[in-house]
Amino acid sequence: MSYQPFHQRRQELLEQLPDKGLALIPAAAEVTRSRDTEYPFRQASDFWYLTGFTEPDGLLVLMKGRSEGESLIFTLPRDPAMEVWTGIRLGQEEAVPRLGVDQAFSLTTEVDEQLIELIGEASEVWLPLEDLKLYQRYLGWRQGVRSKRKRSATLPDRLVDVAAQLAEMRLIKSTDEVDLMRQAAQISADAHCRAMKACRPGMYEYQLQAELEHEFAFQGAAAPAYASIVGAGANACVLHYIANQSQMQSGDLVLIDAGAEYQGYAGDITRTFPVNGQFTPPQKQLYELVLKANQEAIKLTRPGTTLEAIHHAVLRILTQGLLDLGILSGDLEQLIEDGAFKPYFMHGTSHWLGLDVHDVGRYRLHGEARPLKPGMVLTIEPGLYFAPDRDEVDPCWRGIGIRIEDDVLVTLDGCEVLSRGVPKTVAELEALMGDEDAANT
Ligand code: GLY
Ligand code: MN
Ligand code: MN
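What counts, and at which threshold
- Residues numbered from 1 in each chain as written.
- Chains lettered and ligands numbered in written order.
- Predicted model: local features only at pLDDT ≥ 70, side-chain atom pairs only at ≥ 80, totals over all residues.
- Heavy atoms only, no water.
- Donors = N, O, S within 2.8 Å, 3.2 Å for Na, K, Ca; no water.
- Tetrahedral: all angles 85-135°; square planar, octahedral: opposite > 155°, others 65-115°.
- Helix = DSSP H or I, 4+ residues; strand = E, 2+ residues; numbered from the N terminus.
- Buried < 20%, exposed > 50% of the residue type's maximum accessible area, 1.4 Å probe, protein only.
- Core = buried A, V, L, I, M, F, W, Y, C linked by side-chain atoms within 4.5 Å.
- Pairing = 2+ DSSP bridges.
- Axes fitted to C-alpha atoms, helices over the stretch in contact; angles between N-to-C directions.
- Polar contact = N/O pair within 3.5 Å; in protein donor to acceptor, adjacent residues only side chain to side chain.
- Contact = heavy atoms within 4.5 Å.

A. Looking closely at the coordination of the manganese ion (ligand 2). The protein atoms donating to the manganese ion (ligand 2) are Asp257 (OD), Asp257 (OD), Asp268 (OD) and Glu405 (OE), with metal-donor distances spanning 2.0 to 2.4 Å. For the manganese ion (ligand 2), the six donor atoms are set out with angles of 56 to 171° between them, so the coordination reads as irregular. Mapping the donors of the manganese ion (ligand 2) onto the primary sequence gives the spacing D-x10-D-x136-E. A separation of 3.3 Å is found between the manganese ion (ligand 2) and the manganese ion (ligand 3), both of which receive a donor from Asp268. Of the two residues, Asp257 is situated in strand 11 (residues 253-258) and Glu405 in the loop between strand 19 (400-403) and strand 20 (406-410); the sequence distance between them amounts to 148 residues. For Asp257, a relative accessible area of 4% translates into the label buried. Glu405 gets classed as buried once you look at its relative accessible area, which sits at 0%.

B. Spatial organisation of the nonpolar core. Ranked by internal contacts, the top residues of the largest apolar core, which has 110 residues, are Leu208, Val254 and Leu384. In terms of residues, this core owes the most to one element, helix 8 (residues 175-198), which gives 11 residues. Within the second largest apolar cluster, 23 residues are counted, among which are Phe74, Leu76, Ile119 and Trp141.

C. Fine view of the sheet that holds strand 20. An order of 17-20-21 is seen for the three strands of this open sheet, with the pairing classed as antiparallel. The open sheet is flanked by strand 17 (377-380) and strand 21 (415-417), the only strands paired with a single partner. Across this sheet, the average inter-strand angle for adjacent strands is 35°, counted without regard to direction. Bridge count between strand 20 and strand 21: three bridges; the pairing is antiparallel. For Val408, the partnering residue across the bridge sits in strand 21 and is Val417.

D. Representation of the coordination of the manganese ion (ligand 3) in the model. Around the manganese ion (ligand 3), the donor atoms from the protein are Asp268 (OD), His351 (NE2), Glu381 (OE) and Glu405 (OE), and they sit 2.0 to 2.3 Å away. Angles of 50 to 155° at the metal separate the six donor atoms of the manganese ion (ligand 3), which places the site in the irregular class. Counting residues between consecutive donors of the manganese ion (ligand 3) along the chain gives the motif D-x82-H-x29-E-x23-E.

E. Summary view of the pairing of strand 20. Counting buried positions along strand 20 yields five of five residues, so the element is predominantly enclosed. What you see with strand 20 is no split at all: Asp406, Val408 and Val410 on one side and Asp407 and Leu409 on the other are buried throughout. Remark: four residues form the turn of the hairpin made by strand 20 and strand 21, two consecutive strands paired antiparallel.

F. Fine view of the side chain of Thr379. With respect to the helices and strands, Thr379 occurs in strand 17. According to the relative accessible area criterion, Thr379 is buried, its value standing at 0%. In this structure the side chain of Thr379 is engaged in a polar contact, spanning 2.9 Å, whose partner is the side chain of Glu381. Apart from residues lying up to four places away in sequence, Thr379 is in contact with Asp268, Thr349, Ser350, His351, Leu353, Glu405, Asp406 and Asp407.

G. Highlighting the sheet that holds strand 1 (residues 21-26). Sheet architecture is open: six strands sit in the order 6-5-4-1-7-8, paired in mixed fashion. In this open sheet, the two edge strands, each paired with only one partner strand, are strand 6 (103-106) and strand 8 (159-161). Averaged over all adjacent pairs, the angle separating strand axes in this sheet is 20°, with direction ignored. The pairing of strand 5 (residues 71-75) with strand 6 spans four bridges and is classified as parallel. Within strand 6, the position partnered with Thr75 by the bridge is Ser106. Across the sheet, helix 1 (residues 4-16) touches strand 1, strand 4 (59-63), strand 5 and strand 7 (124-127), and the angle it forms with strand 4 is around 50°.

Below you can see the structure in the form of structure tokens.
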């Protein structure tokens, strides 16, 4: 992969630093699962965003106006004995041409000496303020400056949260990132289609999870972007149900919320469909109400509007629908104001999507809802959930949980639905599931 997009992002961050401003961006560390076994490694999103480098434990350092070069990386040193077990490390010599940085140093033998030198020259320091481990190391390096320079030491007196700066950059996706997000969404969509075609009464939820995750892996996605949710019947009313252990019954709906992580970027799609391929009349009524909210929200997604405005439109549609179905009664405006929908729709309509499934970026600016801009990617995910103990509603609605979630890119004049590769109307779902040819492929 070319280092160009990562180089460009480092330049953008450098442009925001003052002269001799120093930024520290750490890689993720490996986490021990037991004894000498680790959990699967996932690079820290900010470090990935600026380097594309997948080894653990590195540190990216940027210093504005440094004559020997403004971008430095500290990486694990080559170690043939270790590499037999854990794979080839890039090492320092290769890091410069491969990552496009100016200099590379050893993380084990050179980092303290270099950082003491750099902090002694820095005007201010940008680091992720919530990273206690890095902060403790930073304090150690400051002490190192004092010990070395004694009274001539001038230490930086200002810390800035580099994570907050990067969050604003990451919120607006570049064309390279949009391409990767299109692929993450397409792989996720293909996986949902595969699960729909495979679904039969009597199967277990984990078997649909296996279908989804087979498709992710088969298409080169590293892993699910979050724990896959496959909830049949009343399990669909548990928003983050990940046990996936129940047998699926004919007559129930199954809700799948699952997305692939492709080259670091997350897909996040939810579809809800009948286990036996045919909606019952009450299921269909509720489904079409959630679908209407999903479709209207997508129509509203364009530059200038806000997630708050989209959410309010969804609340209005769902509340009106619940009135029409006789599940709520009273005055529409009053019901909205009272939050009468909350027992049945208890989450937001949207979140940012990117390297993280709940991606970074502020939702409000100066106390106001933030206007959408081209390059933002968000989810639209209205739902309705009637848990079995909701005694106040007619029994025909109980045990039904429905969410329909799409991934949407804000474009110059509207939006592009990245997850459009998986159907969502009743007719499309019934056709896909009833297609015996599709079921046998
Ligand atoms: N999959 C988690 C969410 O939709 O936010
Ligand atoms: Mn989701
Ligand atoms: Mn989501």
